[in-house]
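Secondary and tertiary structure notes
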Amino acid sequence: MSGSTAAPDRPDERLVRTSPLRKLLGRPELGSVVGAAAVFLFFAIVADSFLRASSFGTVLYAASVLGIMAAPVALLMIGGEFDLSAGVLVTSSALVSSMFSYQMTVNVWVGVLVSLLVTLAIGAFNGFMLTRTKLPSFIITLGTFLMLTGLNLGFTKLISGTVSTKGIGDMEGFDSAHALFASTLTLGSIQLKVTILWWIALVAVATWILLRTRFGNWIFAVGGEADAARAVGVPVIRTKIGLYLGVAFAAWVSGQHLLFSYDVVQSGEGVGNELTYIIAAVIGGCLITGGYGSAIGSAVGAFIFGMTSKGIVYAEWNPDWFKFFLGAMLLLATLLNAWVRKRAEATT
C-alpha cells in the first residue's frame, strides 16, 4: 500500500559483532579488578614492606583461605541462594576428621574421608530442605548454622572434655595429609602455601563450569528466574542441591587445611566467616538477587580482602580499622558494579 511505510531492515542480533569495549563492560568482575588495582596502589604507597616478595606470599595466603570458599559461594549466589552455615561448616569438617581419627585410633586419612562424607551430607541437607520446603535459603541455612554451632561445641566437650580437639600430629597418615592440605612451597624467596594451588584449581573449575557446561547455563537460569527455568526443562532442584554440594566440598578442603595447619581445632571457630565469603563474592560482581556474577570475580574479591587485611598490618595501622576498610570496599564495589552494569546495558 502506498500509505504504508516499510519497517527498516534490522540486522540479525546473532550476526552483530560485539566490540572489545562492550565485552569488557559486560564482564561482572570489571569493577572488582578496578578496585583491586586501586587497593594495590594505595598500600604500595603507604606501606613500604607491602611490595616485598615475602609480603606477596602472605597476601596470597590470606586471599586463598577466603577464596577457596568464595568461589563456590559465588556460584551459589549466581544461582540465587545463600549459605549462612558455610563458616561453621568448615569447623565441623575439621572437627569430624580430628575426633574420628583420635577416638577410633585409625589412620588419619580415614577421618578425612569420613569428614568428606559428613560435610557433603550437610550440604545435601541444605539443598534438600531448600527445595522441599520452599523456604528462603536465608532461613534454612541460618537454622543449619545454629545447629552446627551447637553441635560443634557440644560434641567437642562431650568427646574431648574441652572446647578443642586432641592433637593428632603423631598419628599415622598425618604427614601425608599435611602435605596435601597445609604444606608450604618455596619459590626463590617466596613461600607459598598449598592453599593457593587449591584456590586456583577451584576458581578454574568453577569458571569452566559457568562458561563451558550445561550446568553453568542452569545456574544462571535458576538464579535469574527459577520458575521460567523450570518451564523450559532446567532441573532446578538438582541444580540447587549441586550448588550446596559445591560449597560443602570447599568447606571440607578448608576444614582439612585448618586441622592440618594447627593439629588441633577450636570448636568455636568459623562463626562470622560466612559473611566474609559473601562479601568477597559481592565485591567480585555477584548480585544479591542472583543470575549475575563470576568465579573469577570472587577470586579478585578475595585478593582485595588479602591485600587489605595484610596491607593494614604492613602500614602499621591499628588492625581495628580493617572492618571499616572492608565495609567501605563492599559499598564502593557494589556501586561500581552497578554503574558498570548500567553502562554495559546502555551499549547493547
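Conventions we followed
Residues numbered from 1 in each chain as written. Predicted model: local features only at pLDDT ≥ 70, side-chain atom pairs only at ≥ 80, totals over all residues. Heavy atoms only, no water. Patch = residues over 30% accessible without salt bridge, like charges linked within 9 Å, V, L, I, M, F, W, Y side chains within 5 Å. Areas by Shrake-Rupley, 256 points an atom, 1.4 Å probe, with all protein chains shown as cover. Salt bridge = Lys/Arg side-chain N within 4 Å of Asp/Glu carboxyl O. Helix = DSSP H or I, 4+ residues; strand = E, 2+ residues; numbered from the N terminus. Pairing = 2+ DSSP bridges. Phe/Tyr/Trp six-rings, centres within 6.5 Å; stacked < 30°, edge-to-face > 60°. Lys NZ or Arg CZ within 6 Å of the ring centre and 35° of its normal. pLDDT = per-residue confidence, 0-100. Contact = heavy atoms within 4.5 Å. Buried < 20%, exposed > 50% of the residue type's maximum accessible area, 1.4 Å probe, protein only. Axes fitted to C-alpha atoms, helices over the stretch in contact; angles between N-to-C directions. Left-handed = near helix turned anticlockwise from the far one by under 90°. Arc of directions from axis to C-beta.

The next point concerns a nonpolar patch on the surface. A contiguous nonpolar surface patch, about 580 Å² in accessible area, is contributed by F125, M147, L151, F155, L158 and I159. Topologically, L151 is positioned in helix α6 (residues 137-160).

This brings us to the pairing of strand β2 (residues 190-193). The sheet contact formed by strand β1 (residues 184-187) and β2 spans four bridges and is antiparallel. Among the inter-strand pairings, T184 is bridged to a residue of β2, identified as K193.

What follows is about the packing of aromatic side chains. Under the defined criterion, the tally for this structure stands at 13 aromatic pairs. Residues F43 and W317 carry aromatic rings whose centres are separated by 6.1 Å and whose planes lie at 50 degrees to one another, so their mutual orientation is tilted. Taken together, the positions of F43 in helix α2 (residues 30-46) and W317 in the loop between α13 (295-314) and α14 (322-347) put the pair 274 residues apart, joining distant regions of the chain. An angle of 40 degrees between the planes, with centres 6.2 Å apart, marks the rings of W109 and F181 as tilted. Of this pair, W109 sits in helix α5 (residues 108-133) while F181 sits in helix α7 (residues 174-181); the two residues are 72 residues apart in sequence, bridging distant segments of the chain. Within the aromatic cluster, the residues linked to one another by ring pairs are W109, F174, F181, W198, F249, W252 and F260. Geometry around Y61 places K193 over its ring, the cationic atom sitting 5.9 Å from the centre.

Looking at the protein chain as a whole, the pLDDT averages 88, with 90% of positions reaching at least 70. In this model residues 1-16 is a low-confidence stretch, pLDDT under 50, and it forms one contact with partners more than four residues away in sequence or in other chains.

This part covers the pattern of salt bridges. Throughout the structure, instances matching the rule amount to two salt bridges. Of the charged contacts, one joins E81 and K240 as a salt bridge, the two residues approaching to 2.5 Å between their closest N and O atoms. Taken together, the residues E81 in the loop between α3 (53-78) and α4 (86-104) and K240 in helix α11 (residues 236-262) connect sequence positions 159 residues apart. Its salt-bridge partner being R230, residue D227 comes within 3.1 Å of it at the nearest N-O pair. Of this pair, D227 and R230 both sit in helix α10 (residues 226-231), separated by three residues, roughly a single helical turn. According to the relative accessible area criterion, D227 is exposed, its value standing at 55%. According to the relative accessible area criterion, R230 is partly exposed, its value standing at 39%.

Orientation of helix α12 (residues 273-283) relative to α13, taken along the N-to-C sense of each, is 115 degrees, at an axis distance of 7 Å. Classified by chirality, the crossing of α13 by α12 is right-handed. Together, T276, A280, A281 and I283 of α12 and G297, S298, G301, A302, I304 and F305 of α13 make up the contact between the two elements.

What follows is about α7. Looking at α7, one finds that the buried residues are F174, A177 and F181. Burial along α7 is one-sided: seen end-on, the buried residues are contained in an arc of 65 degrees. On its buried face, α7 is in contact with α5, α8 (195-212) and α11.

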